[in-house]
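Take a look at the letters that make up each chain.
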Amino acid sequence: MTRGARRGGSSGAPRSVDVARVAGVSQKTVSRVFNDEPYVSADVRRRVLEAADELGYRLNNAARALASGRTRSIGVVTLGTALYGPASLIMGVERAVRDTGYALRVVNTMEGDPAGVAPAVHSLLDQGVDGIVISEPIDDGRDGDLAARLDVDVPVLVLGAPPFSAPRSLVAGAGADVMARTATEYLLDLGHVTVHHLAGPQRWFAARDRAQGWRSALVGNGRAVPPVIEGDWSAASGYAAGRRLASDAGVTAVFTANDDMAIGLIRALAEAGRRVPEDVSVVGFDDIPVAAYVTPPLTTIRQPFDVVAQEGIKRLVHIIENPQADPLPASEPPVDLILRASAGPPPTRPPRDRGRRIAHRPDAGGPAPPAQATAPAQN
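Residues numbered from 1 in each chain as written. Predicted model: local features only at pLDDT ≥ 70, side-chain atom pairs only at ≥ 80, totals over all residues. Heavy atoms only, no water.

Caption draft 1: View of the overall build of the chain. Looking only at helices and strands, the chain features eleven helices and eleven strands. In the chain, which comprises 379 residues, the proportion classed as buried is 46%. Summing over all exposed atoms, the chain offers an accessible surface of approximately 18,100 Å²; the carbon and sulfur share of this is 51%. (Helix = DSSP H or I, 4+ residues; strand = E, 2+ residues; numbered from the N terminus. Buried < 20%, exposed > 50% of the residue type's maximum accessible area, 1.4 Å probe, protein only. Areas by Shrake-Rupley, 256 points an atom, 1.4 Å probe, with all protein chains shown as cover.)

Quick look at the structure:
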């Protein structure tokens, strides 16, 4: 029989009643199988699926939405950025949503326009999604809570930021402060008197969390808290910060808020004659694929993107499908410090001036500022 044609010679799109007839079950049983309801035997489920495949039947999602009140779709609001962390997190979300059988609808906001979160959420609500994921939000700098500008009546999962004031909201991906504290305390345990911090842009909640973890480690251990240098996540901003820090002989350890900035920082230190890790230890954050292959290989915090995405989506789907039930508890994210060769004990004596001049080269990969130019410090 031609696939998609009904037995008996009739043509047209097959219906659930056709599947029921071929499988020898009731139409209600077909519905139970495709809605993944319990109390259907393995044999009956197999017969229904085989009949559906033979007929070329596909479940009418619109009809199912009308019957259940749900579209079985999840909307995601994410920054339109190629940065490793946000991109890896959204890939993990896509995999996790696909595994649940839900459809995924993604709306990108402009990285430079964090206020675009509100219209993005409204767009997804207009599409009738059953739940929303807000990934890597940025503080838009305006007065008032974002939720106050939105009317959200579906569950919301926020990744890597404070709770969203929706009627049913969940948070996943918290704990960057704990990871940053672990990285900072590792450097202190190596014997460094204090640790400097190259932070990400502070409008990012993720950058704030990492800075808070670094600061709490120093304060908790009774150490001095140096001024923060703020970068923009790029290797170029790490390079600019490295030129500044290289001139301070008291700098022996730096925790950077991401690996790209750490790589730029190490390049600038090397050009200034400051060896890593003999003179200055550097620890990054993310564990990007190239981190193991730079010189020296970078000690860093590995982010558990897939773990965060899988747990977050599992909890979101649970509350979508069980609106009266208590939310599933969140687990503590793992802290995975990857030890390589960029961190070690502090030097036993102040670094010598090896007579190496900081000069821009065409292949330097960074900006060409004047020799005395420095990256601005921001607290």
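Having put the structure on the table, let's press on.
Caption draft 2: Local environment of the side chain of Thr-194. Along the polypeptide, Thr-194 turns up in the loop between α7 (176–189) and β6 (196–199). Classification of Thr-194 by relative accessible area gives buried; the value is 15%. When sequence neighbours within four positions are dropped, the list of residues in contact with Thr-194 reads Leu-188, Leu-218, Arg-223, Ala-224, Pro-226, Thr-252 and Ala-253. (Contact = heavy atoms within 4.5 Å.)

Caption draft 3: Representation of helix α8 (residues 205–220) within the structure. Between its terminal C-alpha atoms α8 stretches 22 Å, which fits the 22 Å expected from 16 residues at 1.5 Å a residue. Those residues of α8 lying buried are Phe-205, Ala-206, Ala-207, Arg-210, Ala-211, Gly-213, Trp-214, Ala-217 and Leu-218. Phi for Gly-222, located one or two positions after α8, is positive at around 70°. (Expected span 1.5 Å × (residues − 1).)

Caption draft 4: Main features of the sheet that holds β6. Judged by pairing direction, the sheet is mixed, and its six strands sit side by side in the order β7-β6-β8-β9-β10-β11 without closing on themselves. Both edges of this open sheet fall to β7 (229–230) and β11 (336–338), since each of them pairs with a single strand only. Bridge analysis of β6 against β7 gives two bridges, and the strand direction is parallel. Residue pairing for β7: Ala-199 is matched across the bridge by Glu-230. Contacts from α8 reach β6, β8 (253–256) and β9 (281–286), with the element oriented near 175° to β6. (Pairing = 2+ DSSP bridges. Axes fitted to C-alpha atoms, helices over the stretch in contact; angles between N-to-C directions.)

Caption draft 5: Representation of the pattern of salt bridges in the model. Throughout the structure, instances matching the rule amount to twelve salt bridges. With its nearest N and O atoms 2.6 Å apart, the salt bridge here joins Asp-306 to Arg-95. Residue Asp-306 is found in helix α11 (residues 305–321), and its partner Arg-95 is found in helix α5 (residues 84–100); the two are separated by 211 residues along the sequence. Between Arg-181 and Glu-185 there is a salt bridge; the shortest N-O distance is 2.9 Å. Separated by four residues within a single helix, Arg-181 and Glu-185 lie in helix α7, roughly one turn from each other. Arg-181 sits in the partly exposed class, given a relative accessible area of 30%. (Salt bridge = Lys/Arg side-chain N within 4 Å of Asp/Glu carboxyl O.)

Caption draft 6: Summary view of unusual backbone geometry. Pro-277 follows Val-276 through a cis peptide bond whose omega is 10°. Mapped onto the elements of the fold, Pro-277 is located in the loop between α10 (259–271) and β9. Between Thr-295 and Pro-296 the backbone carries a cis peptide bond, its omega angle lying at -5°. Relative to the helices and strands, Pro-296 is located in the loop between β9 and β10 (299–302). Positive phi, close to 125°, is recorded for Asp-286, a residue that is not glycine. Within the secondary structure, Asp-286 sits in strand β9. Using a relative accessible area of 6% as the deciding quantity, one classes Asp-286 as buried. Residues other than glycine seldom take positive phi values, yet Asp-287 does so here, at roughly 65°. Along the chain, the position of Asp-287 falls in the loop between β9 and β10.

Caption draft 7: How the structure looks around the nonpolar core. Ranked by internal contacts, the top residues of the largest apolar core, which has 26 residues, are Val-254, Leu-269, Val-282 and Leu-298. Listed by contribution, the elements that provide at least two residues to this core are α9 (235–246) and α10. When residues in this core are grouped by element, the largest group, five residues, is from α10. Leaving out residues up to four positions away in the same chain, Val-254 has contacts with Leu-187, Val-195, His-196, Leu-198, Leu-245, Leu-265, Val-280, Ser-281, Val-282 and Val-283. Ranked by size, the runner-up nonpolar core spans 21 residues in total, among them Tyr-102, Leu-170, Phe-305 and Ile-313. (Core = buried A, V, L, I, M, F, W, Y, C linked by side-chain atoms within 4.5 Å.)

Caption draft 8: Looking closely at helix α6 (residues 117–126). For α6, every residue scored as buried is listed here: Val-117, Ala-118, Ala-120, Val-121 and Leu-124. Down the axis, α6 shows its buried residues gathered within 165° of arc, on one side only. (Arc of directions from axis to C-beta.)

Caption draft 9: Spotlight on the packing of aromatic side chains. The full count for this structure, using the stated rule, is three aromatic pairs. Ring centres of Tyr-84 and Phe-305 lie 5.8 Å apart, and the angle between their planes is 75°; this geometry places the pair in the edge-to-face category. Here Phe-305 lies in helix α11 and Tyr-84 lies in helix α5, a separation of 221 residues in the sequence. Exposure remark for Phe-305: the relative accessible area of 10% places this residue in the buried category. Taking 5.6 Å as the distance between ring centres and 80° as the angle between the ring planes, the aromatic pair formed by Trp-204 and Trp-233 counts as edge-to-face. Pair noted here: Trp-204 is in the loop between β6 and α8 and Trp-233 is in the loop between β7 and α9, with a separation of 29 residues, a long-range link. In this pair, the class of Trp-204 matches that of Trp-233, namely buried. Here the guanidinium or amino end of Arg-72 rests over the ring plane of Tyr-102, the centre of that ring lying 4.4 Å away. (Phe/Tyr/Trp six-rings, centres within 6.5 Å; stacked < 30°, edge-to-face > 60°. Lys NZ or Arg CZ within 6 Å of the ring centre and 35° of its normal.)

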